[in-house]
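# Notes for the structure review
Below, each chain spelled out in residue letters.
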Amino acid sequence: GYDNLEWINDLGMKYIEFQKDERVNLFEKDIKDKAAEVKRKEDARAAEVKRKEAAEAAEVKRKEAAEAAEVKRKEAAEAAEAKRIALKKELIEEFGEFGTDIFNGIIKKGMSKKMVKKCDQLSSRGPALKKDNEWYYNKDAASFGFDTILQFQGDEVDKVKNPKDVDGVWLDMTKEELTLAC
C-alpha cells in the first residue's frame, strides 16, 4: 500500500512545483488576457449592434415625422386652396362679373367704391391719398411716386390711370401729396 502513497506524494509534489513554474503562470496569464480581449470584442460588437439599432430606429422615426409633416403640409395646402376657391366663388356671387377681377386684384372701369375697397383689402394695398374723386396708389416696389390713379364718377370707377411715362410725382403737388407719394 505504501507504493501507491509514494506515487500520490510524488504527484502532489510535482503539482506544487508545476504551480510555482513561471511558464505556467505566464500561460495562465495569456489565457486570461485572451479571454478578456474576447470579452472586450464581444462587448464592442454588442455595443455596435445596439448603436446601429438605435440609429435605424431614429431614422425610421425621422422618416415617419417627415411623412407626417408632408401630409400635414399637403392638407394645409388643400385647405388653403379650398378657401381660395370658396372666396372666389363668394366674390363672384356678390359682385357678379367683377368678382374674378376683385379676386385677382385688378381694378376696372365700372367698379363701385365698395368693390375697390374689397380689392384693396384682398391685395393688402390701399390708396395713399384720396383727393376729390381721385384715389392715388403708391408703387409696389420700394420707391417713390404714385403708379395708379383711380378717377370716380359718383360711386363708380370712371378711369384707371397708370402714369408709366412719368415717375409718379408732379411739379404742382402739395407738400402733403409729395410726402404721401414717397
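Shown above is the structure to which this text applies.
Residues numbered from 1 in each chain as written. Predicted model: local features only at pLDDT ≥ 70, side-chain atom pairs only at ≥ 80, totals over all residues. Heavy atoms only, no water.

## Re the overall build of the chain
Tallying secondary structure elements over the chain gives five helices and four strands in all. If you list the helices and strands of the chain from N to C, you get α-α-α-α-β-β-β-β-α. Buried positions account for 19% of the 182 residues belonging to the chain. Long-range contacts, defined as pairs at least 24 residues apart, comprise 28% of the intrachain contacts of the chain with a sequence gap of at least 6. (Helix = DSSP H or I, 4+ residues; strand = E, 2+ residues; numbered from the N terminus. Buried < 20%, exposed > 50% of the residue type's maximum accessible area, 1.4 Å probe, protein only. Contact = heavy atoms within 4.5 Å.)

## Some words on the pairing of strand 4 (residues 156–161)
With five bridges joining them, strand 3 (residues 146–153) and strand 4 adopt antiparallel strand pairing. Each residue of the ladder has a partner; that of L150, found in strand 4, is V160. Joining the antiparallel neighbours strand 3 and strand 4 is a turn of two residues, in which G154 adopts a positive phi near 75 degrees. (Pairing = 2+ DSSP bridges.)

## Points about the pattern of salt bridges
Once the charged atoms of two side chains with opposite charge are near each other, the side chains can pair. According to the stated counting rule, one finds eight salt bridges in the structure shown. One salt bridge connects R73 with E70, and the closest N-O pair in it is separated by 2.6 Å. Note that R73 and E70 are positioned in helix 2 (residues 22–95) at a spacing of three residues, about one turn of the helix. With a closest N to O distance of 3.5 Å, E94 and K114 form a salt bridge. Taken together, the positions of E94 in helix 2 and K114 in helix 4 (residues 113–123) put the pair 20 residues apart, joining distant regions of the chain. Overall, the relative accessible area of 43% leaves E94 in the partly exposed class. Taking relative accessible area as the criterion, K114 reaches 51% and is therefore assigned exposed. (Salt bridge = Lys/Arg side-chain N within 4 Å of Asp/Glu carboxyl O.)

## Quick look at the nonpolar core
Judged by nonpolar contacts, the single largest core of 15 residues is most densely connected at I102, I107, M111, V116 and L150. Elements with a contribution of two residues or more to this core: helix 2, helix 3 (99–104), helix 4, strand 2 (134–138) and strand 3. With sequence-adjacent residues up to four places away left out, L150 is seen in contact with I107, V116, N133, E134, W135, Y137, K159 and V160. Listed in part, the five residues of the second largest apolar core include L129, F146, I149 and M173. (Core = buried A, V, L, I, M, F, W, Y, C linked by side-chain atoms within 4.5 Å.)

## So, the side chain of E134
Structurally, E134 can be placed in strand 2. At a separation of 2.7 Å, a polar atom in the side chain of E134 contacts the side chain of Q151. Residues in contact with E134, not counting those within four places in the same chain, are L129, I149, L150, Q151 and K161. (Polar contact = N/O pair within 3.5 Å; in protein donor to acceptor, adjacent residues only side chain to side chain.)

The values are spatial; any link to function lies outside them.
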